[in-house]
Amino acid sequence: MYLPRQLISHLYLQLLRSHHPLSPPVLILVALEPDALCACRILTALLKRDYIPHKIQPVAGYGDLSRAGEELVRPMQTTNGGSGGVVVCLGVGGLVDLGEILALSNPEDEVEDMGGVEIWVFDARRPWNLGNVFGGLAGMGLPMAEIDANARRRGRGVDKGCITSAYTSKNGGIIVYDDGDIEEELRNEREAYYALLEMPEVDDDDDDASDDGSEDETQTGSKKRKSWSGREDDEDSEGDEPPHQRRRSNSGSSIASTPTRRKKSGINSSNSSRSATPTTDSPSPAEAKQPSARSLKKRLINLKRRHDSVLQSYYSSGTSYSEPISSLIYSLASELGRDDNDLLWLAIVGVSSLELSGRTMTGVGISNTSESGGSAGWGGQRGEHIRQILRDEVHRLNPPDPLESNRDIRGEINGVIPTTARSPTDTSIRLSPEPRFLLVRHWSLYESMLHSPYLAPRLHVWTENGRKRLHKLLAKMGISLTQCHQYYTHMDMELKRVLRSRLLKYAPMYGLDGLVPSEGSGSASAREGWGFVRCWGWKACLSATDVGVIVGAMLEVGPHETLASWDSKRLPRARDDTENSGITGESDLASLLPRFWSAYDALSLTSESPTILLEALPLAQHLHRAILRTGTSLLSKHQIRHLRAFRIAVVKDGPDVKLFTNPGALTKLALWIAEAIRVQEKERGDSVKIGRKRAAGTPLVLAGLDEDRDLYVVVGTGGGGGVVDFAAMSKRQEERKKKKELKEKKQKERSERRSKRAAERAEREEETGAEDEDSEESESSSESESEDEEDPRGKKHLLRNRFGIAFQEVVQETNARVRIDSFEHCVVEVQKDDLGGFLEALSFRSVVG
């Protein structure tokens, strides 16, 4: 089921009304990522204010999620002696069947029973598992005609998966919080899902149909996975294969998410077909001749194929990201009237963190950055719309002080980056014309520019000539090397005042048009590209990007570890002695738990928060120094090879090799290298053409060696896209207008053809009525498919990251020993000896689409 955006507070208010001192605590399952951490902080703040007890459980991957289901969620069920309750998934489980992975439902049961456990799902990853979105309610596994009256009563308040205001939380279920995508973009998938659910069983004796069905099952329905020992684990061997590996195909498998009907004795296909067709059991002689049974069956098979293709197309489109869950839960707080500066700041940090980890509308990949200036952001026009809402919230909750307004306005007009608070008690949030530098308030200007993921690839700082270009840029701006090597806060005040104007003047000479927000930022409430800054009195002044960088480093490097002894004090990961796997998820979580709680404390709403963040600042600097060193080494030594549709690089030696065994750190390194490659291709005029589309850059596969576990961590990043470019907005609007006119023209031609066919069909209805109906149906189907290819939801111009799907295909067709456990499906772990064969097979796959 899914909860529409306009009813976002409906379930929380019901929880508030039904809560009592003996109620079980709300269980919160949180992914180890900054956006989910910020969302968790907002949600727990709401629960604390309403005196609702809760329990937080970090989950590092699908193995941890499955264990949490067995140990924490399943005992809550009334069928297992519990009293029900609410489980909230933050950044967890949107792509898989949660009913099975959390052990809430048994596929052999004829009627699903969640045992009073209600699952709330907040996840920005796409595609959704449609079984969670349109199912998740008791009895949804059966055809509509087979659901008994009690199940129908339990399903009141749900209209084809959509929760209405009449819904009450009593019997549990899986509820997805819709950020607007489901209502606006999944209408065709919704209709196809319920059409398949209501469709009778068909014994397909046709050769072509059986071939298609077997191929479908081979591609998406196979539940075999390769183990570390190289064996194939059948779905029946429950003990050898964890549920998350048995059920999980990339982006949620099509078969797992396609509605299926359980066979019951006494129900056959012929009886079922009568409920789906308008024919009667005994036509009278006076009635018109009815189509034959063979014709009806063929028509039903074609209809089923068409609906299956809609769902398959949705799942095979690749991964992407929608609205950050921290922004969605802030909307919940705002709807409840609980919004304040602290919760707004957490939402801003969560939104800002998505860009740092490369999460765009095309999945994990480099940003097709706007050359108009400001933060690259995520999500195209929709992402910019959300950032504008956050700017409006900043102005609403932080009104200017009349005594300080003149000075603030002068500072904003001059574009001075704020580095101090207005007073010892100032905790307000301000807008700031942030340049695309890294940790500029906490580093020297030179170091901040050198480690900038935006500036470094464009100046080629990994070469000697690139460093000279950086020096020339500083010289043109009138900043001496002595000044730029000082901490930014200690620089001459006059230089800080003129920094933005000089960057606007000289940066375009070096291809850095988007380094700072442009002059035409508009009114104070509509400053496109401006960032956010918050001060804690005289203690600290941090931007939202700074906090995102620091919290990300705490999760990826580790808490409170001195840089000199980082490797020695790092918690080891134990090996698994079982037959099936080389790594235990328990050891993964054990090493990550201290990182999670340190990052969680750093985002606290108390005055201690900036102190913890500043203490972890060296970790962030250490990580980004390592990214620059390792990326420079790979590029300067020409260790990046080109394999068909993507480039490949391997990190297997050097002082920082152990640092990049963490998927988050490895992803940031991959994004840095991919951006450098994209800039080189753009300068040479190269680009990758996929079909009739031209990619923004070549996809990259980066592997990091983990010697302790004798494996490689592999991440695949897309070529780019999904980020707003203000200069191209008007051009896209013109293209949409032309497409709309073309669509109207085609619809007119189609209606004329249908009228003509109707007249011809009326003449020969007596002889070939059934065949004509079938031909018309197939023709209209092809027309609708071609129409969908032109502009389905207006997003086909985006080349999404399909590495997760490609990884699954390679695993199913080779003997490579691969572990796919990360919520980020473009991240896998490959046994050291199998990396060569794995990459060779991957090179023949489509990795963007």
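- In the annotation of an unreviewed UniProt entry, the entry for the protein chain reads CDC45-like protein, and the organism field reads Penicillium polonicum.
- Annotation of the protein chain in UniProt includes, under Subcellular location (unreviewed entry), the sentence "Nucleus".
- According to the UniProt record, the Sequence similarities (unreviewed entry) comment for the protein chain reads "Belongs to the CDC45 family."

1. Comments concerning the pairing of strand β5 (residues 117–122)
Consideration 1: With respect to burial, β5 is a largely interior element, 6 of its 6 residues being buried.
Consideration 2: Note that strand β4 (residues 85–90) and β5 share 6 bridges and pair parallel. Residue Gly85 lies in a different strand from β5, and its bridge partner there is Val117.
Consideration 3: Strand direction decides the pairing type here: β5 and strand β9 (residues 173–177), joined by 4 bridges, are parallel. Note on β9: the bridge partner recorded for Ile119 is Ile174.

2. Remarks on the sheet that holds strand β25 (residues 827–831)
Consideration 1: The sheet built from 6 strands is open, its strands ordered β18-β19-β22-β23-β25-β24 with mixed pairing. This sheet does not close on itself; its edge strands, each paired only once, are β18 (641–643) and β24 (818–819).
Consideration 2: Note that strand β22 (residues 700–706) and strand β23 (residues 711–717) share 7 bridges and pair antiparallel. Bridging across to β23, Ala703 finds its partner in Val714.

3. Section: the packing of aromatic side chains
Consideration 1: Evaluated as defined, the whole model comprises 16 aromatic pairs.
Consideration 2: Here Trp462 and Trp672 contribute two aromatic rings whose centre-to-centre distance is 6.1 Å and whose plane-to-plane angle is 70°, an arrangement assigned as edge-to-face. With Trp462 in the loop between α19 (455–459) and α20 (464–476) and Trp672 in helix α28 (residues 663–684), this residue pair connects regions lying 210 residues apart in the sequence. The pair Trp462 / Trp672 is uniform in exposure class, with both members buried.
Consideration 3: By the ring-pair criterion, three or more aromatic residues cluster together here, those being Tyr2, Phe134, Tyr193 and Tyr194.
Consideration 4: The residue whose ring lies beneath Arg436 is Tyr454, and the NZ or CZ to ring-centre distance is 4.5 Å.
Consideration 5: Here Lys496 stacks its cationic end above the ring of Tyr488, 5.5 Å away from the centre of that ring.

4. Let's talk about unusual backbone geometry
Consideration 1: The peptide bond linking Arg126 to Pro127 adopts the cis configuration, its omega dihedral lying at 10°.
Consideration 2: Looking at the element boundaries, Pro127 is found in the loop between β6 (125–126) and α5 (130–134).
Consideration 3: The phi torsion at Tyr51 lies on the positive side, around 55°, for a residue other than glycine.
Consideration 4: Within the secondary structure layout, Tyr51 lies in the loop between α2 (34–49) and β3 (54–59).
Consideration 5: Classification of Tyr51 by relative accessible area gives exposed; the value is 72%.
Consideration 6: The backbone of Asp710 shows a phi angle near 60°, a positive value even though the residue is not glycine.
Consideration 7: Relative to the helices and strands, Asp710 resides in the loop between β22 and β23.
Consideration 8: For Asp710, a relative accessible area of 29% translates into the label partly exposed.

5. Things to note about the sheet that holds strand β16 (residues 531–535)
Consideration 1: Within the open sheet, the 3 strands sit side by side as β15-β16-β17. Their pairing is antiparallel. Every other strand in the sheet has two partners, leaving β15 (429–432) and β17 (541–543) as the edge strands with one partner each. Neighbouring strand axes in the sheet, compared pairwise and without regard to direction, differ in orientation by 30° on average.
Consideration 2: This element, helix α15 (residues 341–356), spans β15, β16 and β17 of the sheet and lies at about 135° to β16.
Consideration 3: Most of the contacts of helix α23 (residues 544–556) go to β17, to which it runs at about 85°, and overall it touches β16 and β17.

6. So, helix α32 (residues 835–842)
Consideration 1: Listed as buried for α32 are Leu835, Phe838, Leu839, Ala841 and Leu842. All buried residues of α32 project into a common sector of 160° when viewed along the axis, lining one side.

7. Quick look at the packing of helix α27 (residues 617–636) against α28
Consideration 1: Running from N to C, α27 and α28 cross one another at 50°; their axes reach a closest spacing of 10 Å. Relative to α28, α27 is oriented oblique. Seen along the crossing, α27 lies across α28 with a hand that is right-handed. In this structure, α27 uses Leu623, Ile627, Leu628, Thr630, Gly631, Thr632, Leu634 and Leu635 to contact α28, whose residues at the interface are Ala665, Lys668, Leu669, Trp672, Ile673 and Ala676.
Consideration 2: In terms of residue class, the contact of α27 with α28 is built from 10 nonpolar, 3 polar and 1 charged.

8. Some remarks on the packing of α2 against helix α14 (residues 325–335)
Between two packed helices, the angle of one axis relative to the other and the distance separating the axes together describe the packing.
Consideration 1: Two elements in contact, α2 and α14, have axes separated by 8 Å at closest approach and are oriented at 15°. The angle between the axes of α2 and α14 places the two elements in the roughly parallel class. As α2 runs across α14, the sense of the crossing is left-handed. Between α2 and α14, the contacting residues are Asp35, Ala36, Cys38, Ala39, Ile42, Leu43 and Leu46 on the first element and Ile325, Ser326, Ile329, Tyr330, Leu332 and Ala333 on the second.
Consideration 2: Looking at the contact of α2 with α14 residue by residue, the classes come out as 11 nonpolar, 1 polar and 1 charged.

Reading guide: rules and limits
Residues numbered from 1 in each chain as written. Predicted model: local features only at pLDDT ≥ 70, side-chain atom pairs only at ≥ 80, totals over all residues. Heavy atoms only, no water. UniProt positions renumbered as here; feature names shortened; annotations may be inferred. Buried < 20%, exposed > 50% of the residue type's maximum accessible area, 1.4 Å probe, protein only. Helix = DSSP H or I, 4+ residues; strand = E, 2+ residues; numbered from the N terminus. Pairing = 2+ DSSP bridges. Phe/Tyr/Trp six-rings, centres within 6.5 Å; stacked < 30°, edge-to-face > 60°. Lys NZ or Arg CZ within 6 Å of the ring centre and 35° of its normal. Axes fitted to C-alpha atoms, helices over the stretch in contact; angles between N-to-C directions. Contact = heavy atoms within 4.5 Å. Arc of directions from axis to C-beta. Parallel < 35°, antiparallel > 145°, perpendicular 65-115°, else oblique. Left-handed = near helix turned anticlockwise from the far one by under 90°. Nonpolar A, V, L, I, M, F, W, Y, C, P; charged D, E, K, R; others polar.

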